[in-house]
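Fold and geometry: a report
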Amino acid sequence: MKRVERILVKIIVVQFILLLACQIFFHHLNAFPELKKLTLYEGVNENNFSKVLETFNSD
């Protein structure tokens with residue numbers, strides 16, 4: 001059982017390292033500028049906070 005646990009821990013560590021490497025590659029090195037334009041077009045990066053329910057604030 002310890003052998004299986006060691007293998008699972010190694011797999012988790014490798015996956016975490018690959019996740020960090022991909023995040024650095026895609027976001028910080030600007031690998032795909034089209035992807036950045038697409039997220040700006042969709043409005044995912046902006047902090048658009050609006051009051052959806054104003055009924056709670058109207059005392």
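What you are looking at is a predicted structure, and each value in this text was computed from that prediction instead of being measured. (Residues numbered from 1 in each chain as written. Predicted model: local features only at pLDDT ≥ 70, side-chain atom pairs only at ≥ 80, totals over all residues. Heavy atoms only, no water.)

What to know about the overall build of the protein chain
The secondary structure content of the protein chain amounts to two helices and zero strands. By residue count, 0% of the 59 residues in the protein chain fall in the buried class. Element-wise, carbon and sulfur atoms account for 65% of the exposed surface of the protein chain, whose accessible area totals about 6300 Å². (Helix = DSSP H or I, 4+ residues; strand = E, 2+ residues; numbered from the N terminus. Buried < 20%, exposed > 50% of the residue type's maximum accessible area, 1.4 Å probe, protein only. Areas by Shrake-Rupley, 256 points an atom, 1.4 Å probe, with all protein chains shown as cover.)

Topic: the environment of A31
For A31, the position within the fold is in the loop between α1 (2-28) and α2 (33-42). A residue is classified by how much of its surface remains accessible, and A31, at 27% relative accessible area, is partly exposed. The contact partners of A31, leaving out residues within four places of it in the chain, are F25 and F26. (Contact = heavy atoms within 4.5 Å.)

What about a positive patch on the surface?
A surface patch of like charges, here positive, comprises K2, R3, R6 and K10. When you line up the elements, K2 lands in helix α1. Judged by its relative accessible area of 67%, K2 is exposed. (Patch = residues over 30% accessible without salt bridge, like charges linked within 9 Å, V, L, I, M, F, W, Y side chains within 5 Å. Salt bridge = Lys/Arg side-chain N within 4 Å of Asp/Glu carboxyl O. Lys, Arg positive; Asp, Glu negative; His and termini not counted. Charge placed at Lys NZ, Arg CZ, Asp CG, Glu CD.)

Some remarks on a nonpolar patch on the surface
A cluster of nonpolar side chains, V9, V13, F16, I17, L19 and L20, forms an exposed patch at the surface whose accessible area comes to about 560 Å². Along the chain, F16 turns up in helix α1.

Function-wise, these values are silent; they only describe arrangement.
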